[in-house]
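Secondary and tertiary structure notes
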Amino acid sequence: MHNAMIPLALMLTLAAGPALAEDDSPERYASLSSLNWQLEGNFAEGSGIRLLLGQQLSEYLSVELHGGMGGDDNVTLMTTDPTPVAVNGDLGLKQLFGAYIRARYPFNDMVSVYGLAGYTRVKAEFEGDANFIAGSTPINRDGFSESESGNSYGGGIEFDVFSGVLDGRLRLTADYMVYLDKSGAEFDARSVGIQLQF
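The following paragraphs examine the structure supplied in this document.

Calculation notes
- Residues numbered from 1 in each chain as written.
- Predicted model: local features only at pLDDT ≥ 70, side-chain atom pairs only at ≥ 80, totals over all residues.
- Heavy atoms only, no water.
- Pairing = 2+ DSSP bridges.
- Helix = DSSP H or I, 4+ residues; strand = E, 2+ residues; numbered from the N terminus.
- Core = buried A, V, L, I, M, F, W, Y, C linked by side-chain atoms within 4.5 Å.
- Buried < 20%, exposed > 50% of the residue type's maximum accessible area, 1.4 Å probe, protein only.
- Contact = heavy atoms within 4.5 Å.

What follows concerns the pairing of strand 3 (residues 61–69). Here strand 2 (residues 44–56) runs beside strand 3; their pairing, made up of eight bridges, is antiparallel. Note that in strand 3 the partner of Gln 55 across the bridge is Val 63. Counting the residues between successive antiparallel strands, the hairpin from strand 2 to strand 3 contains four residues. As judged from the eight bridges shared by strand 3 and strand 5 (residues 86–106), these two strands associate in the antiparallel manner. The residue bridging Leu 65 from the neighbouring strand is Ala 99, located in strand 5.

What follows is the structure, given as structure tokens:
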């Protein structure tokens, strides 16, 4: 119950952020990046996209919302009814949504590192291959989706390599996130993107 309150609290802070941010710093930022994810180690992996919205609370502290989707992998699952049968199909990321607190430390004017902690909901979808045959028995096309939520953590680095563009408010970012760290539902991702401060 307490974990479920984390995204709500962070979204309220994001909405009220302009009153908290420093006047001489960009108040908000947005990022579009790749989302190269893995489910349960190497069981399934894919490449999607991620949209990130952030609100500065101070020079070192921010809150962020992450939304992502896309990418699939061909996997084999076992059915349980009426008898176990291996079914091939595509397992993909249908939706990712989370809220996080970010702590940032600037090494200099060009490079900063940061850590994140928060809460994420991930929804995956499986769609069985059409006309799949197990032995001599045809198996109907089968699909289902499943969602998991849990605590998340990660870290990243950002580079101010576009100092001459948009008054220096465009940055290159790279990060690694463990969005879910639960038995039977481990989901992590590596991302590279462009961040715009405004």
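On we go.
Turning our attention to the nonpolar core. Residues Trp 37, Leu 93, Tyr 179 and Phe 187 are the most contacted members of the largest nonpolar core, which totals 19 residues. Every element with two or more residues in this core is listed here: strand 1 (28–39), strand 5, strand 6 (111–128), strand 10 (170–182) and strand 11 (185–197). Beyond its immediate stretch of four places on either side in the chain, Phe 187 contacts Trp 37, Gln 38, Leu 39, Leu 93, Leu 96, Val 122, Met 177, Val 178, Tyr 179 and Leu 180.

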